Amino acid sequence: MIKVNNNKKRDKYMDYIHICIGIFIVVMAILALFNPNENMVLIPFIFLFSGMLYLLIFLFEILYTRTRVTKKMQFARLLKLIFSIFLFFMFVVSRIIIWS
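A brief look at the structure comes next. (Residues numbered from 1 in each chain as written. Predicted model: local features only at pLDDT ≥ 70, side-chain atom pairs only at ≥ 80, totals over all residues. Heavy atoms only, no water.)

Of the regular secondary structure elements, the protein chain holds 3 helices and 0 strands. Along the protein chain, helices (α) and strands (β) appear in the sequence α-α-α when read from the amino end. Expected size for 100 residues packed as a compact globule is a radius of gyration near 13 Å; at 17 Å, the protein chain overshoots this value by more than 25%. The C-alpha extent of the protein chain, read off along each of the three principal axes, is 50 × 40 × 15 Å. Buried residues in the protein chain amount to 18% of all 100 residues. In the protein chain, 64% of the contacts between residues at least 6 apart in sequence involve partners at least 24 apart. Across the protein chain, the mean location of the 12 positive side-chain charges is 14 Å away from that of the 4 negative side-chain charges. (Helix = DSSP H or I, 4+ residues; strand = E, 2+ residues; numbered from the N terminus. Rg over C-alpha atoms; globule rule 2.2 N^0.38 Å. Buried < 20%, exposed > 50% of the residue type's maximum accessible area, 1.4 Å probe, protein only. Contact = heavy atoms within 4.5 Å. Lys, Arg positive; Asp, Glu negative; His and termini not counted. Charge placed at Lys NZ, Arg CZ, Asp CG, Glu CD.)

Structure, rendered in structure tokens:
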């Protein structure tokens, strides 16, 4: 039996999570686009799951990157964090607007 490296296993699970959340976001977006009056409630959840995905990417890079971090990598991580915070903010704003 071949022993699988934990990094490969972790990367494989991360890929599965990306695929599942990505498909879920696309399905919600298609449903919200085709019938916006009935599926308007899905719009905040699109922002929520997108923000969760970017936050997951950010945390994954912070926790499991063992290489030397350059200024470009730090800037890219900061942009991912800012974008995930922006998406969570959009979730809150759209939830307040739609559900009020």
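What follows concerns the pattern of salt bridges. Inspection of every chain in the model, using the stated rule, returns 2 salt bridges. Between E61 and R77 there is a salt bridge whose closest N-O contact spans 4.0 Å. Remark: R77 occurs in helix α3 (residues 71–99) and E61 occurs in helix α2 (residues 42–64); sequence separation between them is 16 residues. Close ionic contact of E61 with K80 constitutes a salt bridge, the shortest N to O distance being 2.5 Å. Of this pair, E61 sits in helix α2 while K80 is found in helix α3, placing the two residues 19 residues apart along the sequence. Overall, K80 belongs to the partly exposed group, its relative accessible area being 22%. Put simply, E61, R77 and K80 are held in one network by salt bridges that share partners. (Salt bridge = Lys/Arg side-chain N within 4 Å of Asp/Glu carboxyl O.)

Between its first and last C-alpha atoms helix α1 (residues 6–34) spans 42 Å; for 29 residues at 1.5 Å apiece the expected length is 42 Å, and the two agree. On its buried face, α1 is in contact with α2. (Expected span 1.5 Å × (residues − 1).)

On to α2. Look at α2: 32 Å from first C-alpha to last across 23 residues, which is about the 33 Å you get at 1.5 Å a residue. For α2, the set of buried residues is P44, I46, L48, S50, G51, L53, F58 and F60. In this fold, the buried residues of α2 make contact with α1 and α3.

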